[in-house]
Amino acid sequence: LGIQFVDWKQKGETYFHPFGAFGQKIDICDFHHYWLRAREAGLKAPLDDYCLNAVLARSNLFSPPVFEAGSPLSTLTHAYHFDAGLYARYLRTYAEARGVTRIEGRITEVSQDAETGFVTGVTLDKGQTVVGDLFVDCSGFRGLLIEETLKTGYIDWSALLPCNRAVAVPSERAGEFTPYTRSTAREAGWQWRIPLQHRTGNGYVYCSDYISDDEATRTLMANLDGKPVGDPRLLRFVTGRRKQSWNKNVVAIGLSAGFLEPLESTSIHLIQKAILKLIRCLPDKQMAPELIREFNRQLTYEYEDTRDFISLHYKATERNDTPFWDYNRTNTVTDTLSARMELFAHSGRLFIGDGEAFALTSWVAVMMGQGIMPKTYDPMANLVPAEDIRKNLNYIREAFARTASQQISHADFVARHIA
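Residues numbered from 1 in each chain as written. Predicted model: local features only at pLDDT ≥ 70, side-chain atom pairs only at ≥ 80, totals over all residues. Heavy atoms only, no water.

Enquirer: Looking at this model, I keep getting lost on the pairing of strand β5 (residues 119–124). Mind explaining?
Expert: Every regular strand shows the same layout, with side chains that alternate between the two sheet faces. Counting buried positions along β5 yields five of six residues, so the element is predominantly enclosed. Sheet analysis places strand β4 (residues 107–112) next to β5, joined by five bridges and oriented antiparallel. Residue pairing across strands places Glu109 opposite Thr123, the latter belonging to β5. Connecting β4 to the antiparallel partner β5 that follows it, the hairpin turn spans six residues, and Gly117 within it adopts a positive phi of roughly 80 degrees. (Buried < 20%, exposed > 50% of the residue type's maximum accessible area, 1.4 Å probe, protein only. Helix = DSSP H or I, 4+ residues; strand = E, 2+ residues; numbered from the N terminus. Pairing = 2+ DSSP bridges.)

Enquirer: In this structure, what is going on with the packing of helix α9 (residues 335–347) against helix α10 (residues 360–369)? I would like to understand it.
Expert: Two numbers describe a pair of packed helices, the interaxial angle and the distance between the axes. Here α9 crosses α10 at 75 degrees, and the two axes come no closer than 11 Å. With respect to α10, the element α9 is oriented roughly perpendicular. Counting all contacts with α9, which are made through Leu337, Arg340, Met341 and Phe344, the residues of α10 involved are Trp363, Val364, Met367 and Met368. A per-class count over the contact of α9 with α10 returns seven nonpolar, no polar and one charged. (Axes fitted to C-alpha atoms, helices over the stretch in contact; angles between N-to-C directions. Parallel < 35°, antiparallel > 145°, perpendicular 65-115°, else oblique. Contact = heavy atoms within 4.5 Å. Nonpolar A, V, L, I, M, F, W, Y, C, P; charged D, E, K, R; others polar.)

Enquirer: What is the right way to read the packing of aromatic side chains from this model?
Expert: Applying the stated rule across the entire model yields 20 aromatic pairs. Both rings, one in Tyr210 and one in Phe324, keep their centres 5.7 Å apart while their planes meet at 80 degrees; by these two values the pair is edge-to-face. Here the residue Tyr210 occupies a position in the loop between β12 (199–206) and α5 (213–221), and Phe324 occupies one in helix α8 (residues 323–330), the gap between them amounting to 114 residues. Joined through ring pairs, the aromatic side chains of Phe5, Trp8, Tyr15, Tyr210, Tyr314, Phe324 and Trp325 make up one cluster. Between the NZ or CZ atom of Arg173 and the centre of the ring of Phe177, over which it lies, the distance is 3.8 Å. A cation over an aromatic ring shows up here: Arg340 above the ring of Trp363, its NZ or CZ 4.4 Å from the ring centre. (Phe/Tyr/Trp six-rings, centres within 6.5 Å; stacked < 30°, edge-to-face > 60°. Lys NZ or Arg CZ within 6 Å of the ring centre and 35° of its normal.)

Enquirer: Any chance you could explain the sheet that holds strand β1 (residues 2–6) here in plain terms?
Expert: If you trace the seven strands from one edge of the open sheet to the other, you get β2-β1-β10-β11-β12-β9-β13, paired in mixed fashion. This sheet does not close on itself; its edge strands, each paired only once, are β2 (14–18) and β13 (233–236). Here the strands of the sheet are splayed against their neighbours by 20 degrees on average, with no regard to which way each runs. Judged from the five bridges that link them, strand β10 (residues 181–186) and strand β11 (residues 189–195) form a sheet pairing that is antiparallel. Counted as the bridge partner of Ala185 is Trp190 from β11.

Without other data, these values stay purely geometric and don't point to any function.
Put into structure tokens, the structure is as follows:
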């Protein structure tokens, strides 16, 4: 249903980033402007009371959306917690059943055209050569083709997003079986908690400039709900993106194209968007440079838009209790993010472009959740009489509370519906 953020604005404070919408349409403005107007007039109810996702999450309840006009359940939007290894296995089986040929082997040599520099084939450790017209580099951080072979270059965003390591460990399922992810701010980063059916995923994303690997591991292990299952795994990364996701006849998708920490679970989303854009820009053997430029333009937008949204979480904090949080609080962010924050702080307005990864609800939730409360609201909200706004808000709040009370627990839903 969303992500719960603990200790991000201040220690002891919590807010919720719901995946569903706030409220229901009243008139011409976005819903939060009517809430802001009512709040100015004395309304005490928090904005979360007007989001069914958030209301359900409070009590660990769940329901799938019901696509009926006017139904409160039609406002729900949910994501999935799943085992990434099982998901990869499923996709492999699905693809192979439809004609994809999988060739196992370690690449030992890459062949290139002497004139164009295009990759013509890869040689495997058993001597087999695989030739092709278009190569998709899914070799992870290494970037075997896009970087080691084509020397494409990498844009480092560590100054904006300084976390560069993560330690992860699964644990036995214990505590609340929540229908949401939890992100808890720690001394030098943040800890994730992802509840699955038979275990809980845990990890600490941090900056090695402010905490040692051993200390980060101890912090993670001391903050698990259940007994650890396996040993902690250390991951190193550099936040950023390739200068070109598509270079010559190589397209980098996934970690080979770039990396943004998993604060808003965007990795698979960026993979899916890259696949869809590649399909739309699929070339013939000529590899038209116009297609390559357009693909790179769109992927750059995707990565930079996502980067700004993640940066918002770090910049919009009031914490100064550790050097890590003081750095982020006072850090300079991109001009695009700074302008969006200033506009929202002044008038509560947000302009979301077509194709942006995060909708209005997401930006509003994080902005307000981390203390950016608009000074005023869209004056178009004044076109609706104050009494009508009050009645609408009361109706929505009561309808969501009533609807939530009729749903079952997340644990019961999973037990009934998920094999």
